[in-house]
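Architecture at a glance
Letter by letter, the chains look like this.
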Amino acid sequence: MAVKHKNLFLYLTLACFVGLILIFIFDGYMGIYDSLFITTGEQEDQIKPDQWPQRDRYWPTSVERDQKAFFRYEVENRWFSSYSADIEVSVWREQEKVSDLLAQPISVASFDKGQLEWVLDATEFVPADIPPEQDYEFTMLIKRADIERRIIIHVRSVLYPSKVVIPEPPR
Amino acid sequence: MKLEYVLYGFGILFCIAGIGYLAAEYVKYLSELGKIGSLLLTIGLFSFLGKYFEGLGW
């Protein structure tokens, strides 16, 4: 009886260990995970899947007024079946949609990655009446099924306007 | 008997290392329910392990 009782605690220990492993596999590893890569100038930033919950509402990034920002949205499917969803990317300003950037379905095979790329030209979204020395902001909304990712694009002002070439006076 | 204890020691170390690795890698992806479940199972694991060694006469 004592031996059985002794082994019972060992089996319960093993059961807890197996339970932990199962939680880590099914709740921690399995699922659909998305990352966003943002390239402005020579610098690439990545918003990793575990970073999205750190900021519930939005992620900020900045771009110079005369620059383009390159985006790569990566969806990783860590599940036994394939995953399909419609991806919609749009630009918003003061709760109003300014423009649609992308609307495309994505299909990712089991335990594979899929990605979409697009380019955002900051000059297209800054109104003409905003002076060059003034900053500007708008929101880029990435919608995948019922998940929304908000990126605040901060358009930096041109602090040093391009050099004015003074023509040489006639001799 | 001494060899048994050495093996137990290795087993425990591997268990702790395994859980530690998984925790470091994937705890950030766990849901709130998963986190509380893991915490309870960890408490249970070490409690039962303690009882087991108590039964052995440690």
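Structure's up top.
Residues numbered from 1 in each chain as written. Chains lettered and ligands numbered in written order. Predicted model: local features only at pLDDT ≥ 70, side-chain atom pairs only at ≥ 80, totals over all residues.

The next thing to look at is the interface of chain B and chain A. Counting from both sides, the interface comprises 22 residues of chain B and, opposite them, 16 residues of chain A. If you list the elements that add at least two residues to the side of chain B that touches chain A, you get α1 (2-26) and α2 (32-56) of chain B. Tallied by class, the residues present in the side of chain B that touches chain A amount to 13 nonpolar, seven polar and two charged. (Contact = placed C-beta atoms within 7 Å. Helix = DSSP H or I, 4+ residues; strand = E, 2+ residues; numbered from the N terminus. Nonpolar A, V, L, I, M, F, W, Y, C, P; charged D, E, K, R; others polar.)

Residues and elements named next belong to chain A. As judged from the six bridges shared by strand β5 (residues 83-93) and strand β8 (residues 136-144), these two strands associate in the antiparallel manner. Bridge assignment links E88 to a residue of β8, and that residue is K143. In this structure, β8 lies alongside strand β9 (residues 147-156), joined through nine bridges in antiparallel fashion. Its bridge partner lying in β9, T139 is registered against I152. (Pairing = 2+ DSSP bridges.)

As a further point, take the sheet that holds β8(A). Residues and elements named next belong to chain A. The mixed open sheet is built from five strands, whose spatial order is β3-β9-β8-β5-β6. Strands with a single pairing partner mark the edges of an open sheet, and in this sheet they are β3 (59-64) and β6 (96-108). Averaged over all adjacent pairs, the angle separating strand axes in this sheet is 20 degrees, with direction ignored. Alignment of β5 against β6, held across eleven bridges, turns out to be antiparallel. Its bridge partner lying in β6, E88 is registered against A103. (Axes fitted to C-alpha atoms, helices over the stretch in contact; angles between N-to-C directions.)

Now for unusual backbone geometry. Residues and elements named next belong to chain A. If you check the backbone angles, Q95 has positive phi at about 65 degrees while not being a glycine. Mapped onto the elements, Q95 comes out in the loop between β5 and β6. If you check the backbone angles, A145 has positive phi at about 50 degrees while not being a glycine. Relative to the assigned elements, A145 resides in the loop between β8 and β9.

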